[in-house]
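# Descriptive analysis of the structure
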Amino acid sequence: MKHRLGAICLLGAAATAALAEGQMRITEYMYQGNNDLYEFIEFTNVGDTPVDMLGWSFDDNSDTPLSVDLSAYGTVAPGESVILTDSDAEAFRTTWGLSPLVKIIGGNTNNLGRNDAINLYDDVAAQVDRLQYGDQDFPGSIRARFNSGNPISPAALGANDPYQWVLALEGDIYGSWVSTNGDVGNPGQYIPEPASLCLLALGGGLVLRRR
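Residues numbered from 1 in each chain as written. Predicted model: local features only at pLDDT ≥ 70, side-chain atom pairs only at ≥ 80, totals over all residues. Heavy atoms only, no water.

## Comments concerning the environment of Ser99
The line we're drawing: By the criteria applied, helices consist of DSSP H or I runs no shorter than four residues and strands consist of E runs no shorter than two, each listed in order from the N terminus. Polar contact criterion, stated in full: a pair of N or O atoms within 3.5 Å, where within protein one must be able to donate a hydrogen and the other to accept it, and residues adjacent in sequence count only if both atoms are side-chain atoms.
Position of Ser99 among the secondary structure elements: in the loop between helix 2 (89-96) and strand 9 (103-105). Separated by 3.0 Å, the side chain of Ser99 and the backbone nitrogen of Leu101 make a polar contact.

Shown next as structure tokens:
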């Protein structure tokens, strides 16, 4: 199994500016893993200032703020990714080989389905980001089962457009790898795409990937 240890992406000026304008965004999801385990959502601070997650919350397509409390993330630094999963947090960490520094909230009971929505709310219950998805409701879009979904570019973040998401493949531009559960994804760190050059630290060695 390949463990992603880190990444350095050299972006064009336009892409960097787009990231600096955002804050917390949905950056990856998998609605079902093998053996019905390890469903997850990744949120990333794509802005240039820290975000205090006290009072923030998640919900699925019932669209109800405060359904799942995200306060345990504390302060999320610029570029930092955090994980919400239905599984035990430490079991998820072990399965994906994640660093102890990756913040994970486990035990989510607002489980995602094949056709569903991901809603992120801030501390005043305002909707910060939303992604409706589903290969049945949106024919031709991805089915993030066993392989996670990733945004095709920074422009996809906050757009609520499932057609701007692609499935993870082992060794792809996102640095995806196979978990011990047999799922493919890259939870715990968001790598913007497209990038002109990305240096991915995989298994202790740097791999240069070009578009």
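So, next bit.
## Considerations on the pattern of salt bridges
As a reminder of what qualifies: A pairing counts as a salt bridge when a side-chain nitrogen of Lys or Arg comes within 4 Å of a carboxyl oxygen of Asp or Glu. Think of it in three bands: with a 1.4 Å probe and only protein chains considered, a residue is buried below 20% of the maximum accessible area for its type, exposed above 50%, and partly exposed in between.
Counting across every chain of the model gives four salt bridges. Notably, a salt bridge pairs Glu90 with Arg93, separated by 3.0 Å at the nearest N-O pair. In this pair, Glu90 and Arg93 are both assigned in helix 2, three residues apart and thus about one turn of the helix distant. What makes Glu90 partly exposed here is its relative accessible area of 44%.

## Some points on empty space enclosed by the protein
Vacant regions in the atomic arrangement are exposed by a probe of water-molecule size rolled over the atoms. Just so we agree on the cut-off: Here a cavity means grid points, on a 1 Å grid over the protein atoms only, where a 1.4 Å probe fits yet cannot get out; a pocket means an open set of points with protein on both sides within 12 Å along at least five of seven lines; lining residues are those with an atom within 4 Å of a point. Grid points are joined across faces, edges and corners, and a volume is the space filled by probe spheres set on the points. Each residue gets one of three labels, nonpolar for Ala, Val, Leu, Ile, Met, Phe, Trp, Tyr, Cys and Pro, charged for Asp, Glu, Lys and Arg, and polar for the others, Gly among them.
Following the criterion strictly, the structure yields one cavity of 30 Å³ or more and no others. Of the voids in this model, the largest cavity is the one considered here, and its volume is about 40 Å³. At three residues, strand 11 (residues 127-133) tops the list of elements feeding residues into the lining of the largest cavity. Looking at the lining of the largest cavity residue by residue, the classes come out as six nonpolar, two polar and three charged.

## With respect to the packing of aromatic side chains
Our working definition: In summary, the pairing rule links any two rings of Phe, Tyr or Trp, Trp by its six-membered ring, whose centres are within 6.5 Å, and it sorts them by plane angle into stacked for under 30 degrees, edge-to-face for over 60 and tilted for everything else.
Applying the stated criterion across every chain, the model contains eight aromatic pairs. Both rings, one in Phe92 and one in Trp96, keep their centres 6.3 Å apart while their planes meet at 40°; by these two values the pair is tilted. Residue Phe92 and its partner Trp96 are located together in helix 2, separated by four residues, close to a single helical turn. Residue Trp96 is classed as buried on the basis of its relative accessible area, which comes to 0%. Ring centres of Trp96 and Trp177 lie 5.8 Å apart, and the angle between their planes is 80°; this geometry places the pair in the edge-to-face category.

## Structural notes on the sheet that holds strand 6 (residues 68-69)
Sheet strands line up and pair through hydrogen bonds in the backbone, either parallel or antiparallel. Filter applied, for reference: The pairing criterion is simple: DSSP has to find at least two bridges between the two strands.
Taking strand neighbours across the sheet as the criterion, the four strands line up as 6-5-10-11 in an open arrangement whose pairing is antiparallel. Lying at the two open borders of the sheet, with one neighbouring strand each, are strand 6 and strand 11. Examined bridge by bridge, strand 5 (residues 57-59) and strand 10 (residues 116-121) share three bridges and lie antiparallel to one another. When the bridges of strand 10 are listed, Asp59 appears paired with Asn119.

## Section: the nonpolar core
Going by this rule: The set of buried Ala, Val, Leu, Ile, Met, Phe, Trp, Tyr and Cys residues whose side-chain atoms join them within 4.5 Å is what this entry labels a nonpolar core. Contacts were defined at the residue level, with two residues in contact if any of their heavy atoms lie within 4.5 Å.
In terms of nonpolar packing, the biggest core is built from 26 residues, with Phe43, Phe58, Leu70, Tyr73, Leu84 and Ile118 touching the most fellow members. By residue number, the principal contributor to this core is strand 2 (residues 24-30), which donates three residues. What Leu70 contacts, discounting residues up to four positions off in sequence, is Phe43, Met53, Trp56, Ser57, Phe58, Leu84, Ile105 and Leu120.

## Quick notes on the environment of Tyr133
Turning to its location among the elements, Tyr133 is positioned in strand 11. As for Tyr133 and Tyr163, which are separated by 30 residues in sequence, their C-alpha atoms are 8.6 Å apart. Ignoring sequence-local partners within four residues, the contact set of Tyr133 consists of Tyr29, Tyr31, Leu112, Gly113, Arg114, Asn115, Asp116, Ala117, Ile118, Phe138 and Pro162. A polar contact of 2.6 Å, which involves the side chain of Tyr133, links it to the backbone oxygen of Gly113.

## Things to note about the confidence of the model for the protein chain
The following threshold applies: Scored from 0 to 100, pLDDT records how confident the predictor is in each individual residue.
The share of residues in the protein chain with pLDDT of 70 or more is 81%, and the mean pLDDT across the chain is 85. Within the model, the stretch residues 1-22 combines pLDDT values under 50 with 57 contacts to residues more than four positions away or in other chains. Note that pLDDT drops below 50 for residues 194-211; the model gives that stretch 56 contacts with residues more than four away or on any other chain.

## A closer look at unusual backbone geometry
One non-glycine residue, Asp36, lies in the positive phi region at around 60°. Structurally, Asp36 is set in the loop between strand 2 and strand 3 (40-45). The backbone of Tyr38 sits at a positive phi, close to 65°, despite the residue not being glycine. The residue Tyr38 is located in the loop between strand 2 and strand 3 in this model. Overall, Tyr38 belongs to the buried group, its relative accessible area being 12%.

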